[in-house]
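So the chains spell out like this:
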Amino acid sequence: METVLQQLIRGNALFLIIILGIGGSFQSGYHNTGLSSPSPYIQQFINSSWYDRYKEPPPQQTVTIIWSLIVSMYAVGGLFGAVSVKFISGMLGRKKAMIGNSFIAIVAAGIMLTSKGAKSYEMIIVARILYGYSAGLGASTHLMYLGEISPRKIRGIVTLTSATFTSLGKLSGQFFGLSEILGREELWNIVLCVPACFSVLQVLVLPFLPEAPRYLFIEKGDVKACKKALQSLWGQGDFKQEMDEMLAEQAAIEAAPPKNTLQLLRDKTVRWQLITMSMIYCCNQLSGMSAISIFSFDIFRKAGIPRDQIRYVTLGLGVSEILTSLCCGLLIDHIGRRLLFWGGYGLMSACWVLITVTLNLKASSYWASYITTGLIILFIMSFCGGPAGATAALNSEIFIQSNQLAAFVLMGIQRWFLFAVLGLVFPFIINALDSYCFVIFACMCLLGCLYTFFLLPETKGKTLLEIADEFKAITVCGKFFLEENRVETKL
């Protein structure tokens, strides 16, 4: 029996996964962490640009507002990118959508690169909007592309690579932000343009790689091109099982045509899928993972780590994130998705409760900060090795082809909306609750644990139609509607 690696290198599948990754979720991960290192230099640039224009220093409140716009416009761009994924990917196809998305990232990098010479902070804001749009469109299209090229047996590990490249992007943002690399005042605009190099590589290479087979078969009806794409990706073979699965799904789609986002929201047959993904996205965004980056500096400093060494410790956390994600990839198609979800959320909830306790003990016990540091590392590993990786797989499994584009739009809107809201509200929560704000995160993680344990069906090794049937049978209400439809058909 072939190993996963042997299956991936039999054709161009592994190469395509890498090229998609560097132009897809890698970009989003990089821009999540890439802005932290040059932030003081950008604020100094805002001051100097304002002074050059108006011959007087700007009010501190003005600098804060401009800086807030630079930070928050990334999420606004991401929201617009997520909304447009159905139109762009549906019209151009997955491959052309990814190539077009890379062109947007390259244009954004050009604007960012020249903003320093032009002494224009407005150009930085425009570049951040375009970066966000590229991240919102690229992350969704990347995950969709992966789901449509992967065979059922290794679908989990293939789709999980999107989470791995997100972690790799975060680590790269931290690495290039080091003062020994590009994290210096004279290079702040360059460090924000590094991902464009990978976008250029994707634009040059992706045209020579195959389109998603499922898209070709189900949406374009091109059986010959679909089979050619499968052979290019996975080596020679007749791929009868894969073709039969797509044929069955195509028949189901003909009975139920593709829906737009509003129609999908009103469709009772996919209500549990929508509730499940909304719950998981809420729990992921509000699990406190974003708070780790905010509190890590203070926590590690209290633990006795020298101030100038903390950035290297943070870099080590990025490495552990990638390694945990890779381990998750090796496990996901063996142990399934459910265990990764409820087990990961359970550990994360326990970590936050213990972190709340140790933070309140830090004044009286010198060892509390060291335990807090260890708990944060355990939390990151629980998140990356559990919900973060399993979400990527589940997202591409629980909706049939005709519903996927609309579903990706809805999930993308929710993800970026929560991202923006959390950035605005979180500072006020910290001021109001201090260390007890982590109890909120613990409750969200516990909610995710209970929901996925009791309600989420296992999707490992099942076709999309089988998974859809599992969701329809979650409750008595769902079974009642199925029975009602059968009675109407007989009459």
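It should be emphasised that the depicted structure is a prediction, and the values quoted were computed from it without experimental measurement.

> Account for the overall build of the protein chain, naming residues and giving values.
A tally of helices and strands in the protein chain yields 25 helices and zero strands. The C-alpha radius of gyration of the protein chain comes to 23 Å, within 12% of the 23 Å expected for a compact globule of 491 residues. Here the C-alpha coordinates of the protein chain stretch approximately 80 × 50 × 45 Å along the principal axes. For the protein chain, the residues scored as buried account for 52% of the 491 residues in total. Considering only intrachain contacts with a sequence separation of at least 6, the fraction spanning at least 24 residues in the protein chain is 82%. Carbon together with sulfur atoms contributes 68% to the accessible area of the protein chain, which is approximately 21600 Å² in total.

> Explain the packing of helix H4 (residues 39–54) against helix H5 (residues 60–83) to me, using residue names and the numbers behind them.
Contact geometry of H4 with H5 gives a least axis separation of 10 Å together with a crossing angle of 125 degrees. Considered as vectors, H4 and H5 are oriented oblique to each other. Between H4 and H5 lies a crossing of right-handed hand. Facing H4, whose interface residues are Ser 39, Ile 42, Gln 43, Ile 46, Asn 47 and Trp 50, H5 presents Thr 62, Val 63, Ile 66, Trp 67 and Ile 70. Classifying every residue of the contact of H4 with H5 gives seven nonpolar, four polar and no charged.

> Describe a nonpolar patch on the surface, listing the residues and the values that go with them.
Together, Val 353, Val 357, Leu 361, Tyr 366, Trp 367, Tyr 370 and Ile 371 make up a nonpolar patch on the protein surface, roughly 720 Å² of accessible area in all. Mapped by element, the contributors of at least two residues to the nonpolar patch are helix H19 (338–361) and helix H20 (368–384). Examining the composition of the nonpolar patch, we find that three residues originate from one element, H19, more than from any other. Relative to the elements of secondary structure, Tyr 370 occurs in helix H20.

> Please give an account of the packing of aromatic side chains that cites residues and values.
Under the defined criterion, the tally for this structure stands at 14 aromatic pairs. Between Trp 342 and Phe 453, the ring centres sit 5.1 Å apart and the planes meet at 85 degrees, which makes this aromatic pair edge-to-face. Placement of the pair is Trp 342 in helix H19 and Phe 453 in helix H23 (residues 437–454), with a sequence separation of 111 residues. Taken together through their ring pairs, the aromatic side chains of Phe 26, Tyr 30, Phe 175, Phe 176 and Phe 198 make up a single cluster. A cation over an aromatic ring shows up here: Arg 53 above the ring of Tyr 121, its NZ or CZ 4.6 Å from the ring centre. If you follow Arg 338 out to its NZ or CZ, it ends over the ring of Phe 453, 5.8 Å from the centre.

> Explain unusual backbone geometry to me, and be specific about the residues and the numbers.
Even without glycine at this site, Lys 55 takes up a positive phi of about 55 degrees. Positionally, Lys 55 belongs in the loop between H4 and H5. Of note, Lys 119 is a non-glycine position whose phi angle comes to about 55 degrees, a positive value. Following the sequence through the fold, Lys 119 ends up in the loop between helix H7 (94–118) and helix H8 (121–149).

> Describe the environment of Ile 440, with residues and values.
Within the element layout of this structure, Ile 440 appears in helix H23. Exposure remark for Ile 440: the relative accessible area of 39% places this residue in the partly exposed category. When the C-alpha atoms of Ile 440 and Trp 352 are compared, they prove to be 9.0 Å apart, with 88 residues separating the residues in sequence.

> Tell me about the packing of H4 against H8, and name the residues and values.
Two elements in contact, H4 and H8, have axes whose closest approach is 9 Å; the angle formed by their N-to-C orientations is 135 degrees. Here H4 is positioned oblique relative to H8, judged by the angle of their axes. Side by side, H4 and H8 meet where Ile 42, Phe 45, Ile 46, Ser 49, Trp 50 and Arg 53 of the first sit next to Tyr 121, Glu 122 and Ile 124 of the second. Split into classes, the residues belonging to the contact of H4 with H8 amount to six nonpolar, one polar and two charged.

> Lay out helix H6 (residues 85–92) with the relevant residues and their values.
All of the buried residues along H6 are Val 85, Ile 88 and Ser 89. Buried positions in H6, seen along its axis, are confined to an arc of 90 degrees and lie on one side of it.

> Can you explain H7? Please cite residues and give values.
Helix length check: H7, at 25 residues, gives a terminal C-alpha distance of 36 Å against a target of 36 Å (1.5 Å per residue), a fit within 8%. For H7, the set of buried residues is Arg 94, Lys 95, Ala 97, Met 98, Ile 99, Asn 101, Ser 102, Ala 105, Ala 108, Ala 109, Met 112 and Ser 115. Backbone geometry just after H7 places Lys 119 at a positive phi near 55 degrees.

> I'd like a rundown of the pattern of salt bridges, residues and numbers included.
Under the definition given, this model contains ten salt bridges. A salt bridge links Arg 94 to Glu 148, with the nearest nitrogen and oxygen atoms 2.9 Å apart. Of the two residues, Arg 94 sits in helix H7 while Glu 148 sits in helix H8, which places them 54 residues apart along the sequence. Arg 155 is the partner of Glu 397 in a salt bridge, and the nearest nitrogen-oxygen pair spans 3.0 Å. Of this pair, Glu 397 sits in the loop between helix H21 (387–395) and helix H22 (401–433) while Arg 155 sits in helix H9 (residues 155–176), placing them 242 residues apart in sequence. Comparing Glu 397 with Arg 155 shows no difference in burial state: the two are buried. When salt bridges with common partners are traced through the structure, they connect Arg 94, Glu 148 and Glu 219 into a single cluster.

Cut-offs applied
- Along each chain, residues carry numbers from 1 onward, in the same order as the chain's sequence is written.
- The predicted nature of this model means local features are confined to residues of pLDDT at least 70 and side-chain atom pairs, given and counted, to a pLDDT of 80 or more, with totals for whole chains, interfaces and linings taken over all residues.
- Each side-chain value is derived from all of the structure's non-hydrogen atoms; neither hydrogens nor water enter the calculation.
- By definition, any uninterrupted DSSP run of H or I lasting at least four residues is a helix, any uninterrupted run of E lasting at least two residues is a strand, and each is numbered from the N terminus.
- Within these notes, the globule rule equals 2.2 Å times the number of residues to the 0.38 power, and the radius of gyration is based on C-alpha atoms.
- Relative accessibility thresholds used throughout: buried, under 20% of the residue-type maximum; exposed, over 50%; partly exposed, between the two (1.4 Å probe, protein chains only).
- Between two residues, a contact is recorded if the distance between any of their heavy atoms is within 4.5 Å.
- Surface accessibility follows the Shrake-Rupley procedure with a 1.4 Å probe radius. Residue values consider only the protein chains on display as shielding.
- Think of each axis as a best-fit line through the C-alpha atoms, taken over the contacting stretch in the case of a helix, with angles from 0 to 180 degrees between the N-to-C directions.
- Each angle receives one of four descriptions, namely roughly parallel if under 35 degrees, roughly antiparallel if over 145, roughly perpendicular if within 65 to 115, and oblique otherwise.
- Whether a crossing is left-handed or right-handed is set by the direction in which the near helix is turned from the far one by less than a right angle, anticlockwise for left-handed and clockwise for right-handed.
- Side-chain classes are defined by residue name, with Ala, Val, Leu, Ile, Met, Phe, Trp, Tyr, Cys and Pro counting as nonpolar, Asp, Glu, Lys and Arg as charged, and the others, Gly among them, as polar.
- What goes into a patch is any residue over 30% in relative accessible area without a salt bridge, connected to like charges within 9 Å or, for nonpolar side chains (Val, Leu, Ile, Met, Phe, Trp, Tyr), within 5 Å.
- For this document, the term salt bridge refers to a Lys or Arg side-chain nitrogen within 4 Å of an Asp or Glu carboxyl oxygen.
- For Phe, Tyr and Trp, where Trp contributes only its six-membered ring, two rings pair if their centres lie within 6.5 Å, and the inter-plane angle classes them as stacked under 30 degrees, edge-to-face over 60, or tilted in between.
- Look at NZ for Lys and CZ for Arg. If either is within 6 Å of the ring centre and within 35 degrees of the ring normal, a charge sits over the ring.
- What the arc covers is the set of directions going from the helix axis to the C-beta atoms.
- Here a helix's expected span is defined as the number of its residues, less one, multiplied by 1.5 Å.

In short, the description is geometric, and any link to function would need to be established separately.
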